[in-house]
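Summary of the model geometry
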Amino acid sequence: MSLSKEDVLHIAKLARLELTEAEVVKFRKQLSSILEYVDVLQKAEGGEGREIKQIHDLENVARADEMMPFPEEDRKAMLKQAPGREGDYVKTSGVFES
């Protein structure tokens, strides 16, 4: 498929580009070449094989979310190291404060 000068100018207008005459000639050749290649790809047969999602036989491994007990002595040791705290919570500075 070969683009005309008007086609290139229309594309440039849609893209809000100002092209020189030399650029119009250059892009006309390049865009026409791209469209010809796309036409070749569309005619290529893809085959009847199965869809490939990944090339390795890897599987995502995920475990179920479950609550795990946190030993009381570890919790107290962690809270002692916190620079600030309120009761049993670690106090931090606000993220959205200006």
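Residues numbered from 1 in each chain as written. Predicted model: local features only at pLDDT ≥ 70, side-chain atom pairs only at ≥ 80, totals over all residues. Heavy atoms only, no water.

Moving on, we come to the pattern of salt bridges. Using the criterion set out here, one finds five salt bridges in the structure. A salt bridge links Arg-75 to Glu-72; the nearest nitrogen and oxygen atoms lie 2.3 Å apart. Here Arg-75 pairs with Glu-72, and both are found in helix α3 (residues 72-81), just three residues apart, close to one helical turn. A residue is classified by how much of its surface remains accessible, and Arg-75, at 21% relative accessible area, is partly exposed. Residue classification places Glu-72 among the partly exposed residues on the basis of a relative accessible area of 39%. Between Asp-88 and Arg-75 there is a salt bridge; the shortest N-O distance is 3.5 Å. In this pair, Asp-88 sits in the loop between β1 (85-86) and β2 (89-90) while Arg-75 sits in helix α3, placing the two residues 13 residues apart along the sequence. Connected through shared salt-bridge partners, Glu-72, Arg-75 and Asp-88 make up one network. (Salt bridge = Lys/Arg side-chain N within 4 Å of Asp/Glu carboxyl O. Helix = DSSP H or I, 4+ residues; strand = E, 2+ residues; numbered from the N terminus. Buried < 20%, exposed > 50% of the residue type's maximum accessible area, 1.4 Å probe, protein only.)

Quick look at the side chain of Ser-32 now. Following the sequence through the fold, Ser-32 ends up in helix α2 (residues 21-43). Judged by its relative accessible area of 7%, Ser-32 is buried. A polar contact of 2.8 Å, which involves the side chain of Ser-32, links it to the backbone oxygen of Arg-28. Each residue touching Ser-32, except ones within four places of it in the same chain, is listed here: Met-1, Ser-2, Leu-3 and Phe-27. (Polar contact = N/O pair within 3.5 Å; in protein donor to acceptor, adjacent residues only side chain to side chain. Contact = heavy atoms within 4.5 Å.)

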